[in-house]
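One letter stands for each residue in the lines below.
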Amino acid sequence: MSVKAWLKERFPIDYDKFIEINENIFIKEPIPIHMKKWWYCMGATPLILFTLQVLTGIFLAFYFVPSPEMAYESVRHITQDVRFGFWVRGLHRWGANLMILSLFLHITRVYFTRSYQKPREINWILGVILFGLALTFSFTGYSLTYNQLSYWAVTVGTNLIKSVPIIGHSLLVFMRGGEEVTANTLTRFYMLHVWFLPLFLVFFLVLHIIVLRLHGVSEPEGFPKGKYFPFYPHHFYKIIIATLFLLAVMSALSIILPPGIGLPADPTTTPFHIKPEWYFYPTYRFLRMVPLKVGIYVTAAFLIAFTFWPFIEPLLSKKNSVRRNISYGVGALTLIITLALTIWESLT
Amino acid sequence: MINEENQKRRSFLKNFGIIGALLIAVGLFFRDLWLYLYPPKRKKKFHKYLVAKLNSVPLGKAKEITLGNDPVFVVHLDQGYRVFSGICTHLGCHVRWEEEKQRFFCPCHKGVYDKTGKVISGPPPRPLDQFKVEEDKNLVYIYVETKTRGPWS
Ligand code: FES
């Protein structure tokens, strides 16, 4: 009996139909002509990076021990003793950084091509959720290295939660697994990082892609409408090239700028210079400029406006050109402020 | 005609090169990940360990000592001192020295070794392990592997 017949008996599926569906969904997926430009197909970068993060993350988990006594030591062991440990860890660390960077770029591109407009509002919101998850990923992952900076980042970061009205304190205790940052906090963050967040992220990612596919990629103004090319081979190879390029860049970065291990966490002394990772610079700088309560409410307001922008924008004017100008203005302003705060914080 | 041939060859070489490079890259990638998972073999280090005074064990007798939790036999033969690990090479039971028969006996599956550690009968697959012995100024030393005990080894 042929393999095909054997399989068909065990999995009674209509194979021709299956192949046809597969062809329609993947091989022949119509991709608008503008996607031949690299700048317009950066959305796949986070996906590639995420896949690599999963891979390197699994490998790190072979050696990482989430306990206050062993966390720092196991990161040191991976970095200094294990063969290619510095590389695997470097890929994971740089992958996380590039992930945030590529999301910034992706969001900026989507915003300025106004691809969030009706009927794609929901996908924008799904994207915002994904971005939030990516930031949480980074924060929890950073804390696992259990050095001075990451320990105090957790202390400061979880302390911020206290300012949430009414349920703030309960949230804090829940996050830390007690009043203080202890072994409970570490295992909680570890659990979030390796179980909870990946499951959530995959769920929203799949939704994001399904919605994207249902509508098709939006076609920005200034390109010929209605011209498509099939996913395979052009776009497929583009993704392969991007993957190889990213791997090469991240490997190079892990060698040129390898992530350090810092000093072991010491709960009794706060280090002199305490700073979050660069992608939290704008928020961090802003929160230090204004009174805490104000800062938190303004940040929350910004987040809400950011999330629901696709629904807010149509309320602003009936004329498309006016809406576009407002959107561009708001976007440019946000971009400038974000960049300015980031640069300011990195200089101080 | 000739041009077409050339063209073909050129594109073949090009594809060959690209695919070859890809395969090498992918191969290296997984090789490195594989190495990552396997802790490298460390070079063994040994240190000297005092087991007896030169004349403390009469000829044809053995002295049992323990090293860590493992039995070790210091045997005085015609050729000099021999030091054996008392761990049966079959499945790891502790052997005992039977002086009247001048042999080692393992009670688990009736393995028998002679006084030089050679297997006489029973299931053991190889002779008893021996330590390297050094006699120095009236004292007998053996070389014991230095085991550094850390969380990772
Ligand atoms: S263990 Fe010694 S004979 Fe089997």
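In this text the structure is predicted, and so the values were computed from the model without any measurement.

S.K.: Please clarify how the sheet that holds strand β6 (residues 103-106) of chain B should be interpreted in this entry.
M.R.: In a beta sheet, neighbouring strands are held together by backbone hydrogen bonds and run either parallel or antiparallel to one another. Residue and element names in this part refer to chain B. Here we have four strands laid out as an open sheet, ordered β5-β6-β7-β8, and antiparallel in their pairing. The two strands at the open ends of the sheet, each matched to only one other strand, are β5 (96-98) and β8 (119-121). Put simply, the sheet's adjacent strands are angled 35° from each other on average, direction ignored. Relative to β6, β5 runs antiparallel, the two being bridged by three bridges. When the bridges of β6 are listed, Arg 96 appears paired with Phe 105.

S.K.: Can you walk me through the domain arrangement of chain A in this structure?
M.R.: Where interface size is quoted, it is often the accessible area lost as the parts come together. Residue and element names in this part refer to chain A. If you check the domain split of chain A, you get domain 1 (3-276) and domain 2 (277-348). The straight-line distance from the C-alpha centre of domain 1 to that of domain 2 is 23 Å. Residue-level contacts link 28 residues of domain 1 with 30 residues of domain 2. Taken together, the two surfaces of domain 1 and domain 2 that pack against each other cover about 2800 Å², and 67% of this comes from carbon and sulfur.

S.K.: Sorry if this is basic, but what is going on with the pattern of salt bridges here?
M.R.: Any two side chains of opposite charge can pair, given that their charged atoms come close. Residues and elements named next belong to chain A. Counted by the stated rule, this structure contains 15 salt bridges over all chains. Ionic pairing is found between Glu 345 and Lys 275, a salt bridge with its closest N-O pair at 4.0 Å. Here the residue Glu 345 occupies a position in helix α14 (residues 320-347), and Lys 275 occupies one in the loop between α10 (231-256) and α11 (281-289), the gap between them amounting to 70 residues. Exposure remark for Lys 275: the relative accessible area of 22% places this residue in the partly exposed category.

S.K.: Before we go on, may I ask you to explain the interface of chain B and chain A in this structure?
M.R.: With 13 residues of chain B at the contact, the number on the chain A side is 20 residues. Where chain B abuts chain A, roughly 1600 Å² becomes buried across the two surfaces, and 79% of that area is made up of carbon and sulfur atoms. Among the residues of chain B in contact with chain A, Phe 29, Tyr 36 and Trp 152 of chain B are the three that bury the most area, contributing 50% of the side total. Applying the counting rule to chain B against chain A returns zero salt bridges. At the boundary of chain B and chain A, one finds five residue pairs in polar contact (both at pLDDT 80 or more).

S.K.: Any chance you could explain the nonpolar core here in plain terms?
M.R.: Most often, soluble globular proteins keep nonpolar side chains buried together rather than apart. Counting residues in each nonpolar core, the largest one holds 45 residues, and the members touching the most others are Val 88 and Trp 124 of chain A together with Tyr 36 of chain B. For this core, the secondary structure elements donating two or more residues are α3 (44-61), α5 (85-112), α6 (121-144), α9 (183-215) and α10 of chain A together with α1 (2-37) of chain B. Apart from residues no more than four positions distant in its own chain, Trp 124 of chain A is found in contact with Ile 107, Val 110, Tyr 111, Tyr 116, Phe 306, Thr 307 and Pro 310 of chain A. Counting residues in hydrophobic clusters, the runner-up holds 14 residues, among them Ala 71, Tyr 151, Ile 261 and Ala 265 of chain A.

S.K.: Is there a simple way to think about the packing of aromatic side chains in this case?
M.R.: Each aromatic ring pair is described using two quantities: the centre-to-centre distance and the angle formed by the ring planes. Residue and element names in this part refer to chain A. Per the counting criterion, the structure on display carries 35 aromatic pairs over all chains. Feature note: the residues Tyr 111, Phe 112, Tyr 116, Trp 124, Phe 302, Phe 306, Trp 309 and Tyr 328 constitute an aromatic cluster, connected by ring pairs. Between Arg 188 and the ring centre of Phe 174, over which it is positioned, the NZ or CZ distance is 5.7 Å. One residue, Arg 285, lies across the ring of Trp 344, its end atom 4.2 Å from the ring centre.

S.K.: Explanation requested: the pairing of β6 of chain B in the structure shown.
M.R.: Every other side chain in a regular strand lies on the same face of the sheet, so the side chains alternate between the two faces. Residue and element names in this part refer to chain B. Here β6 shows no split at all, with Arg 103 and Phe 105 on one side and Phe 104 and Cys 106 on the other all buried. What sits between β5 and β6 in their antiparallel hairpin is a turn of four residues, with Gln 102 showing a positive phi close to 50°. Where β6 folds back onto strand β7 (residues 111-114) in an antiparallel hairpin, the turn is made up of four residues, including Lys 110, whose phi is positive at roughly 60°.

S.K.: What am I meant to see in the state of the cysteines here?
M.R.: Chemically, a disulfide is nothing more than a covalent bond linking the sulfur atoms of two cysteines. Residue and element names in this part refer to chain B. Under the definition given, this model contains one disulfide over all chains. Residue Cys 93 pairs covalently with Cys 108 via a disulfide, S to S 1.9 Å. One quick way to see it: the torsion about the S-S bond of Cys 93 and Cys 108 is about -95°, and its sign makes the bridge left-handed. Pair noted here: Cys 93 is in the loop between β4 (80-85) and β5 and Cys 108 is in the loop between β6 and β7, with a separation of 15 residues, a long-range link. Owing to a relative accessible area of 37%, Cys 108 belongs among the partly exposed residues under this scheme.

S.K.: How do you make sense of the domain arrangement of chain B when you look at a structure like this?
M.R.: Segmenting chain B into domains produces domain 1 (1-41) and domain 2 (46-145). Relative placement of domain 1 of chain B and domain 2 of chain B: their C-alpha centres are 56 Å apart.

Criteria and thresholds
- Residues numbered from 1 in each chain as written.
- Chains lettered and ligands numbered in written order.
- Predicted model: local features only at pLDDT ≥ 70, side-chain atom pairs only at ≥ 80, totals over all residues.
- Heavy atoms only, no water.
- Pairing = 2+ DSSP bridges.
- Helix = DSSP H or I, 4+ residues; strand = E, 2+ residues; numbered from the N terminus.
- Axes fitted to C-alpha atoms, helices over the stretch in contact; angles between N-to-C directions.
- Domains from an automatic or database assignment.
- Contact = heavy atoms within 4.5 Å.
- Buried area = accessible area lost by both parts, 1.4 Å probe.
- Salt bridge = Lys/Arg side-chain N within 4 Å of Asp/Glu carboxyl O.
- Buried < 20%, exposed > 50% of the residue type's maximum accessible area, 1.4 Å probe, protein only.
- Polar contact = N/O pair within 3.5 Å; in protein donor to acceptor, adjacent residues only side chain to side chain.
- Core = buried A, V, L, I, M, F, W, Y, C linked by side-chain atoms within 4.5 Å.
- Phe/Tyr/Trp six-rings, centres within 6.5 Å; stacked < 30°, edge-to-face > 60°.
- Lys NZ or Arg CZ within 6 Å of the ring centre and 35° of its normal.
- Disulfide = S-S within 2.5 Å.

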